[in-house]
Each structure stands twice: as C-alpha cells, then as structure tokens.
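For reference, the chains in residue letters:
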Amino acid sequence: MVKPGQPRPRRPQGRWSPVQLSPVILTVVIAGLAYATPPDMAFSRILPAAPALAAAMWPVLPTVLLGTVCFLLMVGLSLVFPGLGAWYTVAGIVAVTVAAAYGSHVRLQREQSLFQVRLVADAAQQVVLSPMPRRFGPIEIESLYLAAAAEARIGGDFYEVADTPYGVRLLIGDVRGKGLPAVGTAAAVVNSFREAAYDEPDLAGIARRLEASSTRYNSAFSPDDLAERFSTAVLVEIPHEDNSVRILNCGHPPPLLLSRDGLRVLSPTDPSPLLNLASLIGDCYSTDTFDFTPADQLLLYTDGVTEARDRTGAFFPLTDWMRRRTAPQRPRELLDGLHRDLLAYSNAGLDDDIAALAVGFRDGPDSGHGPAGREKH
C-alpha cells in the first residue's frame, strides 16, 4: 500500500489501452462463446482466466469487481443450462479472484518499491551526472549517456565540465565494475573534480586530487580487491583565447579529434596511472597539447562505445564512423548520430554503459595549426 505523504507512481491518463482492457475483452468473448455454443463445449470453464489476467495489470478493486462479474455470469449460465455443472466453475472463480486480488496487492507494493528505488537512482544521477551548461563562451559541449539496462538510471561511467580561470576543463571516465560500489566511486571522483578544477593550476594537480579521493573512498573495502578497484579517466583543458587543447589520459580510450586535415587519435605520449593505482605503478602524470581550432570536433567517450557489438560479435568501428563525418556538425548533431548508429549497430542490445562528450566551437575566429607539445609533472 502507498503510505500518505509518499510520492506515487504515475498512472496512465485518459482512455485505457486495448492491453489494459484485455481482461474485459476476454470475459465478453468467453461469455459469448458459452451462450452461443452447445453446453458440452464448456467454454464457461475458462472464465477464471479473466480475473487472473486482470491481476497482472489492474488494482485490487477492479480485479475483484471483474471476478464478481464472472461469478454472476456463471450463475446466469447455470440457470440457462441446468446440466452445465457450473458450481465447480463458480467455486473456481471465487478461488481465483481471491488469489488474483492478493497478487494484485503484492504487485502494487513491488511497483511502489521500484518507484522509490528509481527516485533514489534519479537523485544519484543528479549528483554524478548533473545538468551541464551547453555553452562556455564560444565553446559548445554536449553529452550522451546510455545505460546498458533499460531499467538503469546510472552506472559507473561519469563526466563533468567546469569553466575555470584556467580554461574549460572536462572529465570523462569509467569505473571498473558495476552496481552501487561503482556509482560511489564515480561520485567520489566527480565531486573531487568539481573542487579541484577551480583550484589546481594544471591537470596533473587535478589528477592527483582525483587519485586521493578515489583512494580514500576505496579504503573502506577489502585491501585484497585494491588491484580490481580502479577507474580510467581523461582530463581535458581548453584554455581561454588559445587554439589548443591539453589532455591528460589515465588509461582511458583516447579522444578523437576531427579537423580539416583528417581524423587524429589523441593517444598519450606517456600514459598516466589509472585512478586508485598510483601507489602501485607510480604517480608520474603526462599532459599532451594538441591544436584545437573552431573548425575541429573533439569526441570523448567511454569504452562502452567501442565495445558495442553487432550480431557477429564485431566491435563498433568508432574511428571509421568518426572519419566519415565530413560535413561540419554541431556537437548535438554528432552525438545524436552516434546514438542512432550505436543502437542500430547493436540492435539496441548494449552490453555496457555508454558516455560521450562532444566539443566544438559555435563561433569565433579561425586560426592555423601549430606544433603539438608535451609537458611532464
């Protein structure tokens, strides 16, 4: 039962659909066949199926009312056909109606519990994947998130964007594993980034803050699982009034940069340690600098994109897909196309959560390309 003061699941408004009316339709069909056919065919014996079907989609009271209607119909049939032996069916209708009413009650309780869980999941989503501004001056950023399970609201993939005095900074990453521990790790990393992005003058400082937050969070779990509790991440910085982009990659799939010169895979010169593993493999962080002009498109993504499979088991060819984006596209158009093609490629059967960020310039002066540089911290 729904307690007073609790939010209630939304019920469909307006006319009922044919599926919702199917118990009534079934009752009418069975009653019509029972009256129109010889008694020895005994169609009336399947009348208990109507309230049983109603229990799967109706509340308790309508289910009981339908069972009562079936009971009265069976009584009427017994009067029209005295030798029908209808009282056994009447007893069956009563028994099935009682069981159906109880089943409807249990189903409604479970629906309410699921509704409450989804409210909590929506709140968690607002913490980890908060609404993101789409414009930071001339820079336009759009996001995409797809859960592998239709019922899921959030998983271990995360992203965040901040407009800081040092430039627009982005984070995208993926926590190993699934479930609540993965969501907790994602929340710890994202919340740390929201503070560090404004305080740290370089990406290496942010990475160390994320590492510290991830380590503190995972210290509550068994130390035997330390090597299995890590996150991959990419930190990106787009300085104000500078046609460049700085990238620090902590074991994450490399971003893709589509420019007039073609597609570039922005792989790190020296990989940085995965989050929560710096104590095991060292904490030397490397930042690479690349050109990024108003004509370019930058795509950040998690491994759920490249690991989407078709019916034959082949992975989604993201680099080839990105290379075919010849005409300039806005970030939203790019992600909408990726969303559509991913679902079509995998036949809507995603095996992992998917997150992506698309970055571009909406307007602003164009400039030429320069050499790429690298800095170590």
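Because the structure is a prediction, the values reported are computed rather than measured.

**Here's the deal with the packing of aromatic side chains**
Then, number 1: What the rule picks out here adds up to 2 aromatic pairs.
Then, number 2: An angle of 40° between the planes, with centres 5.2 Å apart, marks the rings of Phe 292 and Phe 361 as tilted. Here Phe 292 is found in the loop between strand S9 (286-291) and strand S10 (297-301), whereas its partner Phe 361 is found in strand S11 (residues 354-361), with 69 residues between them in sequence.
Then, number 3: The exposure class of Phe 292 is buried, given its relative accessible area of 0%.
Then, number 4: Measuring from ring centre to ring centre gives 5.3 Å for Phe 316 and Tyr 345, while their planes differ by 80°; the resulting arrangement is edge-to-face. Highlighted residues: Phe 316 in the loop between helix H8 (303-306) and helix H9 (318-323) and Tyr 345 in helix H10 (residues 331-345), separated in sequence by 29 residues.
Then, number 5: The buried category is assigned to Phe 316, whose relative accessible area is 6%.

**As for the confidence of the model for the protein**
Then, number 1: The share of residues in the protein with pLDDT of 70 or more is 82%, and the mean pLDDT across the chain is 83.
Then, number 2: Contacts from residues 1-8, a stretch scored under 50 in pLDDT, to residues over four places away or in other chains number 12 contacts.
Then, number 3: Confidence drops under a pLDDT of 50 for residues 364-377, and excluding neighbours within four residues, the segment shows 41 contacts in the predicted structure.

**Structural notes on the pattern of salt bridges**
Then, number 1: For the coordinates displayed, the defined rule picks out 12 salt bridges.
Then, number 2: The residue Glu 237 makes a salt bridge to Arg 169 at a minimum N-O spacing of 2.7 Å. Placement of Glu 237 in strand S5 (residues 231-238) and of Arg 169 in strand S4 (residues 167-175) is noted, with a sequence separation of 68 residues between them.
Then, number 3: Taking the relative accessible area as the measure of exposure, Arg 169 reaches 0% and is therefore buried.
Then, number 4: Residue Arg 209 is joined to Asp 199 by a salt bridge in which the shortest nitrogen-to-oxygen separation is 3.6 Å. Here Arg 209, found in helix H6 (residues 203-218), pairs with Asp 199, found in helix H5 (residues 180-199); they are 10 residues apart in sequence, far enough to count as distant.

Rules behind the numbers
Here the residue numbering is sequential within each chain, running from 1 through the sequence in written order. Note on the predicted model: pLDDT of at least 70 is required for a residue's local features to be given, and 80 or more for side-chain atom pairs to be given and counted; whole-chain, interface and lining totals, by contrast, use all residues. With hydrogens and water excluded, all non-hydrogen atoms of the structure serve as input to the side-chain values. To pair, rings of Phe, Tyr and Trp, with the six-membered ring standing in for Trp, must have centres within 6.5 Å; the planes then decide the type, stacked if under 30 degrees apart, edge-to-face if over 60, and tilted in the middle. Starting at the N terminus, helices and strands are each numbered in turn, a helix being any DSSP run of H or I of at least four residues and a strand any DSSP run of E of at least two. Burial status follows relative accessibility: with a 1.4 Å probe on protein chains alone, a residue under 20% of its type maximum counts as buried, one over 50% as exposed, and anything between as partly exposed. pLDDT measures the predictor's confidence residue by residue and takes values from 0 up to 100. Should any heavy atoms of two residues lie within 4.5 Å, those residues are considered in contact. We define a salt bridge as a side-chain nitrogen of Lys or Arg found within 4 Å of a carboxyl oxygen belonging to Asp or Glu.

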